[in-house]
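Chain by chain, the residues run as shown.
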2 protein chains.
Amino acid sequence: MKVLVILGHPNPGESFNRAIVETACRTLREMGHEPVLRDLYAEKFDPVMPMGEEKLPIEELPESVRREIDAVREADGFVIVHPNWWGTPPAILKGWLDRVFRAGFAYSFSANGVVSNFTEKRAQVFTTSNTPRDVELEVYHDPLENFWKTIVFGLVGSRDFGRRNFESIIMSSPEERAAWLTEVEAIVKKRFAE
Amino acid sequence: MKVLVILGHPNPGESFNRAIVETACRTLREMGHEPVLRDLYAEKFDPVMPMGEEKLPIEELPESVRREIDAVREADGFVIVHPNWWGTPPAILKGWLDRVFRAGFAYSFSANGVVSNFTEKRAQVFTTSNTPRDVELEVYHDPLENFWKTIVFGLVGSRDFGRRNFESIIMSSPEERAAWLTEVEAIVKKRFAE
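Residues numbered from 1 in each chain as written. Chains lettered and ligands numbered in written order. Predicted model: local features only at pLDDT ≥ 70, side-chain atom pairs only at ≥ 80, totals over all residues.

**Description of the overall build of chain A**
Selection rule: Comment: elements are numbered from the N terminus, with helices defined as DSSP H or I runs of at least four residues and strands as E runs of at least two. Note that the radius of gyration is over C-alpha atoms, with the globule rule given as 2.2 Å times the number of residues to the power 0.38. In this scheme every C-beta is placed from the backbone, and a residue whose C-beta has 20 or more other C-beta atoms within 10 Å is buried, one with 12 or fewer is exposed, and one in between is partly exposed. By the criterion used throughout, residues are in contact when their C-beta atoms, derived from the backbone, lie within 7 Å.
Counting its secondary structure elements, chain A contains seven helices and seven strands. Sequence-ordered secondary structure for chain A, helices as α and strands as β, is β-α-β-α-α-β-α-β-β-β-α-α-β-α. By the compact-globule yardstick of 16 Å for 194 residues, chain A fits well, its C-alpha radius of gyration being 17 Å. Structurally, chain A occupies a C-alpha span of about 50 × 40 × 35 Å along its principal axes. For chain A, the residues scored as buried account for 39% of the 194 residues in total. Considering only contacts within chain A whose residues lie at least 6 apart along the sequence, 80% involve residues at least 24 apart.

**Quick word on the relation of the copies chain B and chain A**
Going by this rule: When the copies are superposed, the least-squares fit takes in the C-alpha atoms of residues with a pLDDT of at least 70 in both.
Between chain B and chain A, which share one sequence, the superposing operator has a rotation angle of 180° and an axial displacement of 0.0 Å; the RMSD is 0.0 Å. The two molecules are tied by a two-fold rotation axis, judged by turn and shift. Considering only C-alpha atoms, the residue of chain B closest to the rotation axis is A91(B), which sits at 2.4 Å. Looking at the interface residues of chain B, 100% of them are also at the interface in chain A, so both copies use one shared face.

**Thoughts on the sheet that holds strand β1 (residues 2-7) of chain B**
Residue and element names in this part refer to chain B. Short version of the rule: At least two DSSP bridges between two strands are required for those strands to pair. Each axis is a line fitted through C-alpha atoms, taken for helices only over the stretch in contact, and angles between the N-to-C directions span 0 to 180 degrees.
Sheet architecture is open: five strands sit in the order β2-β1-β3-β6-β7, paired in parallel fashion. Both outer strands of the open sheet, β2 (34-39) and β7 (161-167), are each paired with one neighbouring strand and no more. Between one strand axis and the next, the sheet turns by 15° as a mean value, whatever way the strands run. Of the strands in this sheet, β6 (122-129) and β7 touch helix α6 (residues 143-156), which is tilted by about 165° from β7.

**A few points about helix α7 (residues 174-191) of chain A**
Residues and elements named next belong to chain A. Spelled out, the test is: Given the number of residues in a helix, its expected span is that number minus one, multiplied by 1.5 Å. In this description, the arc belongs to the directions extending from the helix axis to the C-beta atoms.
With 18 residues, α7 should cover 26 Å at 1.5 Å per step; its first-to-last C-alpha distance of 26 Å lies within 8% of that length. Taken together, the buried positions of α7 are occupied by W180, V184, V188 and R191. Buried residues of α7, seen end-on, are gathered within an arc of 80° and therefore sit on one face of the element. For α7, the exposed residues set more than 90 degrees away from the buried face come down to E175, A178, A179, T182, A186 and K190. Contacts from the buried residues of α7 go to α1 (16-30), β3 (77-83), β6 (122-129) and β7 (161-167).

**Details of the interface of chain B and chain A**
Going by this rule: Classification convention: Asp, Glu, Lys, Arg as charged; Ala, Val, Leu, Ile, Met, Phe, Trp, Tyr, Cys, Pro as nonpolar; all other residues, Gly among them, as polar.
Contact with chain B, which involves 27 residues of that partner, is made by 27 residues of chain A. Of all the elements in the fold, those that place two or more residues in the side of chain B that touches chain A are α4 (91-100) and α6 of chain B. Class assignment for the residues of the side of chain B that touches chain A results in 18 nonpolar, seven polar and two charged.

**So, the packing of helix α3 (residues 63-74) of chain B against α4(B)**
To describe two helices that pack against each other, one gives the angle between their axes and the distance between the axes. Residue and element names in this part refer to chain B. To keep things clear, this is the line we draw: Angle categories: roughly parallel below 35 degrees, roughly antiparallel above 145, roughly perpendicular from 65 to 115, and oblique for all the rest.
Where α3 meets α4, the closest approach of the two axes is 10 Å, and the angle between their N-to-C directions is 80°. Overall, the two elements α3 and α4 adopt an arrangement that is roughly perpendicular. Only W96, R99 and V100 of α4 make contact with α3, whose side of the interface consists of V65, E68, I69 and V72. Per-class residue counts for the contact of α3 with α4 are five nonpolar, no polar and two charged.

**Details of the sheet that holds β7(A)**
All names here are of chain A. Strand order across the open sheet formed by five strands is β2-β1-β3-β6-β7, with parallel pairing between neighbours. Two strands in the sheet have a free side with no partner beyond their single neighbour: β2 (34-39) and β7. In this sheet, neighbouring strand axes are inclined to one another by 15° on average, regardless of whether the strands run parallel or antiparallel. Two strands pair when backbone bridges link them, and strand β1 (residues 2-7) and β3 are joined in this way by five bridges, in the parallel orientation.

**Some points on α6(B)**
The end-to-end C-alpha separation of α6(B) is 18 Å, in line with the 20 Å expected for 14 residues at 1.5 Å each. Among the residues of α6(B), P143(B), N146(B), F147(B), W148(B), V152(B), F153(B), L155(B) and V156(B) are the ones counted as buried. In this fold, the buried residues of α6(B) make contact with α6 (143-156) of chain A together with α4, β4 (107-110), β5 (113-116), β6 and β7 of chain B. Two residues or fewer past α6(B), G157(B) is found with a positive phi of approximately 90°.

**Notes on unusual backbone geometry**
In this model, E167(A) is joined to S168(A) through a cis peptide bond whose omega is -10°. Its location among the elements puts S168(A) in the loop between β7 and α7. Within the chain, K44(A) stands out as a residue other than glycine whose phi angle is a positive 55°. With respect to the helices, strands and loops of the structure, K44(A) is situated in the loop between α2 (40-43) and α3 (63-74). A positive phi angle, close to 60°, is found at W86(B), a residue other than glycine. Its place among the elements puts W86(B) in the loop between β3 (77-83) and α4. Under the C-beta neighbour-count criterion, W86(B) is labelled partly exposed, with 19 such atoms within 10 Å.

This is the structure:
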């Protein structure tokens, strides 16, 4: 299996987001899979979709977007890692979706309605936050769960989906973070089992 | 009143988003208010928050971000206009929030919890979409309402808040769009009444 591992976090050095990515990649390799890392900040991915891009055929898109589309096409699944900024992904990852998960590729319109094109691709999302879990669920209605599970992977049809949020990063101990990474390993093993 | 009018739409020419902005600005001027337009695509606003920016004092931020913060500080309210892309704003506007509505400015942390700093600023959001209203509400749980009302303006404390979504843009007739603009005028008049 090829698994596209997408990181939307500004820190190129040590961060818990990066530790999740490294754990996920290592686990996938140990399983005999091929992780393909997309560190969107390192790539300097431009998240601003210009006017009319949605109407262009894929072969006329900028190379930087076509490259992402090719990687998504070849992938059997996704691991997505990012912090919670305003109940949504950082803009760089939001715009990656705007440009890469495009109509006619990730989903299509037919006479019978919307057709999901990623039904065979698995998806695992890991998010991090500092908001207490009860506030995130009760006050903010768990917006990242709705975004990834229902809106994004609901539309493109990836039913083999899971998400785990780790909080509070800022208050966590080294022991807690180590236990979380062990959990990342177990989740990745289960999600991408043959 | 100074009202910051923020547009997050790629089309520099004719679009219904732009027609909303023009109607809002004209109405505000007729009321004796001062609309201050931020067309984020025209400004080429960079929505990608670099590492560590959240820790910088405002005076050390890039000029392009300080300029937005100054405009927000001086504003008595906001009109925000954008299309619905994946139940969230386009990345350019998402990142404007990431960088401009920063901790220590839009909200602060105190010993007693989060303090909202924009309680006196009014907010009106206009969004556009092509998804049928019942699908947006029942399947996707009205994510833009949750995002703007509860997450963003809930946290910064703007209780004088309203949002109107217009759909379906793609199926609308010229008469329908004209009626919608009349509604925009009425909403702006009410929201920004003395």
